[in-house]
Amino acid sequence: LLGSQWIFQRDGDQNGWFIKSSRSGQYLGIEGNADNGAKVVAVPSPFRWDVEESDIKYKGIRCACHSYCACLVVN
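Residues numbered from 1 in each chain as written. Predicted model: local features only at pLDDT ≥ 70, side-chain atom pairs only at ≥ 80, totals over all residues. Heavy atoms only, no water.

Focus on the overall build of the chain
Put simply, the test is: Strands here are runs of E lasting at least two residues and helices are runs of H or I lasting at least four, both read from the DSSP assignment and numbered beginning at the N terminus. Exposure classes here rest on a 1.4 Å probe applied to the protein chains alone. A residue is buried below 20% of its type maximum, exposed above 50%, and partly exposed in between. In what follows, residue pairs with any heavy atoms lying within 4.5 Å of each other are defined as contacts. Note on areas: these come from Shrake-Rupley sampling with a 1.4 Å probe, and a residue is covered only by the protein chains present in the view.
In terms of regular secondary structure, the chain is built from zero helices and seven strands. Out of the 75 residues belonging to the chain, those deemed buried represent 25%. The contacts of the chain with a sequence gap of at least 6 include a subset with a gap of at least 24, amounting to 22%. By element, 48% of the accessible surface of the chain is carried by carbon and sulfur atoms, the whole surface being about 5,300 Å².

Below, the structure written as structure tokens:
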């Protein structure tokens, strides 16, 4: 997943985002349950994320699993 380029697409109800690989067409998702320590992997089906600015100064964006309490901070 490192070095990949990703396309952020709004989902249909505008409350979340799908993050799609520009190369493979797969989506950024979670392996197994969305718990602490879950692996972020490429998956064939859309996986919904909540995307917002990080609350840590100069630290990029925060991608949280939609409807879950797990998040990924992207620098």
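After that view, the rundown keeps rolling.
Let's talk about the packing of aromatic side chains
Heads up, the condition is: Centres within 6.5 Å are what make two rings of Phe, Tyr or Trp a pair, Trp counting through its six-membered ring; a difference in plane orientation under 30 degrees is then read as stacked, over 60 as edge-to-face, and the rest as tilted.
Counted under the stated rule, the structure contains three aromatic pairs. Plain terms: the ring middles of Phe8 and Trp17 are 6.4 Å apart, the flat faces sit at 70° to each other, and that makes the pair edge-to-face. The exposure class assigned to Phe8 is partly exposed, which follows from its relative accessible area of 37%.

Re the pattern of salt bridges
Worth spelling out the cut-off: In what follows, salt bridge is the name for a side-chain nitrogen of Lys or Arg lying within 4 Å of a carboxyl oxygen of Asp or Glu.
Overall, the coordinates contain one salt bridge when judged by the stated rule. The salt bridge involving Arg48 is made with Asp11; its shortest N-O contact spans 2.7 Å. With Arg48 in strand E5 (residues 48-53) and Asp11 in the loop between strand E1 (6-10) and strand E2 (17-21), this residue pair connects regions lying 37 residues apart in the sequence. Judged by relative accessible area, Asp11 falls into the buried class, the value being 2%.

Brief notes about the environment of Trp17
As for its placement among the helices and strands, Trp17 is situated in strand E2. Between the alpha carbons of Trp17 and Ile7 there is a distance of 9.7 Å; along the sequence they are 10 residues apart. In contact with Trp17, other than residues within four places in its own chain, are Phe8, Gln9, Arg10, Asp11, Phe47, Arg48, Trp49 and Val51.

Brief notes about the confidence of the model for the chain
Note the threshold: Think of pLDDT as the predictor's per-residue confidence, scored from 0 to 100.
For the chain, per-residue confidence averages 76 on the pLDDT scale, and 68% of positions sit at 70 or higher. The element-level mean pLDDT for the chain is lowest in strand E7 (residues 71-74), coming to 50, with E2 highest at 90.

A few points about the pairing of E2
Short version of the rule: For two strands to be treated as a pair, DSSP must find no fewer than two bridges joining them.
The pairing of E1 with E2 spans five bridges and is antiparallel. Counterpart to Gln9 in the pairing with E2 is Phe18. Sheet analysis places E2 next to E5, joined by two bridges and oriented antiparallel. Across the sheet, residue Trp17 finds its bridge partner in E5, namely Trp49.

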